[in-house]
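Survey of secondary and tertiary structure
Listed below, chain by chain, are the residues.
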Amino acid sequence: MMNIRLPAVAGHFYQRDPVQLRSQIQRWLNNELHESKSIKAILVPHAGYIYSGTTAALAYSLINRQKSRFNKVILVGPSHHYYFDGCALPVCEQFGTPLGQIVICQEHRQQLQHVPLVIFSDEVHQNEHCLEVQLPFLQSCLNRFQLTPIVTSNISAEALATVIAPLWQEDTLLVISSDLSHYHSYAEANEIDQHTCDKIEHFQASISPEEACGATGVNALLILAAKHHYQLRLLQRINSGDSAGDKSRVVGYASYIVTDI
């Protein structure tokens, strides 16, 4: 029997019932956004769907319209439970969600087998939500694909970029999972997040963890995108005060696509 990581936050961050979950995502994907250029990567938030699901869905709706281009997905997000040197891939062979199983890319795993600062740990991945919440979107947008899930901890953006670069081929979508600022007032968060988005849009790979919880992945994306002369497009920036109502302590969210020229 295949070694499968079971969903840890289904029923908490998103709906557990597969029919309701698929229906919700399909509603969100049905919008009027279009992109004529080839999408190379997306930057999407990873909070519960009631907070950031509609924002993430804007990027995924454009992926859905280019689904035939992608056979592999590199999914990168920050560790919320463990501190360790480097970044971690799982040992298991599949990730499960209420919508089914996703196969882990063995080709990428072999490429990274002996790379410094890459470890293999199911424990790091077991309860991590930042990657899991992206999986139902990917399953709803893409045809059959293989997944390379990478959780980051104590690693520089430059080192992470060298891990990602050889894997990021024409048939491979790069997904960076990150929220923006955390637990400021609504007005403060808007000011901080606008400044962060200005950095992103000018390819300034100097974002701090206080500005984005997945800063390492975001900075690595900016390094790689600048190297390839790719373009960035902001689809939406909001915070939990916009989506859930409480404006006293909010979390910021943004959705970007990265395209060729």
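Scope of this entry: the structure provided in the associated data block. (Residues numbered from 1 in each chain as written. Predicted model: local features only at pLDDT ≥ 70, side-chain atom pairs only at ≥ 80, totals over all residues. Heavy atoms only, no water.)

Within the protein one finds 10 helices and 12 strands. Against the compact-globule benchmark of 18 Å for 261 residues, the protein has a radius of gyration of 17 Å, which places it among compact chains. Expressed along its principal axes, the backbone C-alpha trace of the protein runs to roughly 50 × 40 × 40 Å. Here the protein, with 261 residues, has 54% of them falling under the buried criterion. Considering only contacts in the protein between residues 6 or more positions apart, those separated by 24 or more positions represent 81%. Counting only carbon and sulfur atoms, one obtains 50% of the accessible surface of the protein, whose full area is about 11200 Å². In the protein, 18 positive and 24 negative side-chain charges are present, and the distance between their average locations comes to 8 Å. (Helix = DSSP H or I, 4+ residues; strand = E, 2+ residues; numbered from the N terminus. Rg over C-alpha atoms; globule rule 2.2 N^0.38 Å. Buried < 20%, exposed > 50% of the residue type's maximum accessible area, 1.4 Å probe, protein only. Contact = heavy atoms within 4.5 Å. Areas by Shrake-Rupley, 256 points an atom, 1.4 Å probe, with all protein chains shown as cover. Lys, Arg positive; Asp, Glu negative; His and termini not counted. Charge placed at Lys NZ, Arg CZ, Asp CG, Glu CD.)

For the rest of this paragraph, the subject is the packing of helix α7 (residues 157-164) against helix α9 (residues 215-227). Relative orientation of the contacting elements α7 and α9 amounts to 65°, with a least axis distance of 8 Å. For the crossing formed where α7 meets α9, the hand is right-handed. Between α7 and α9, the residues in contact are Ala157, Glu158, Leu160, Ala161 and Ile164 and Thr216, Gly217, Asn219, Ala220, Ile223 and Leu224, respectively. Partitioning the contact of α7 with α9 into residue classes produces 7 nonpolar, 3 polar and 1 charged. (Axes fitted to C-alpha atoms, helices over the stretch in contact; angles between N-to-C directions. Left-handed = near helix turned anticlockwise from the far one by under 90°. Nonpolar A, V, L, I, M, F, W, Y, C, P; charged D, E, K, R; others polar.)

In this section: the pattern of salt bridges. Summed over all chains, the structure comprises 7 salt bridges. The closest approach of N and O atoms between Glu35 and Arg233, which form a salt bridge, is 2.7 Å. With Glu35 in the loop between α1 (18-29) and β2 (39-44) and Arg233 in strand β11 (residues 231-239), this pair connects stretches of sequence that are 198 residues apart. Judged by its relative accessible area of 27%, Arg233 is partly exposed. The closest approach of N and O atoms between Glu170 and Arg69, which form a salt bridge, is 3.8 Å. (Salt bridge = Lys/Arg side-chain N within 4 Å of Asp/Glu carboxyl O.)

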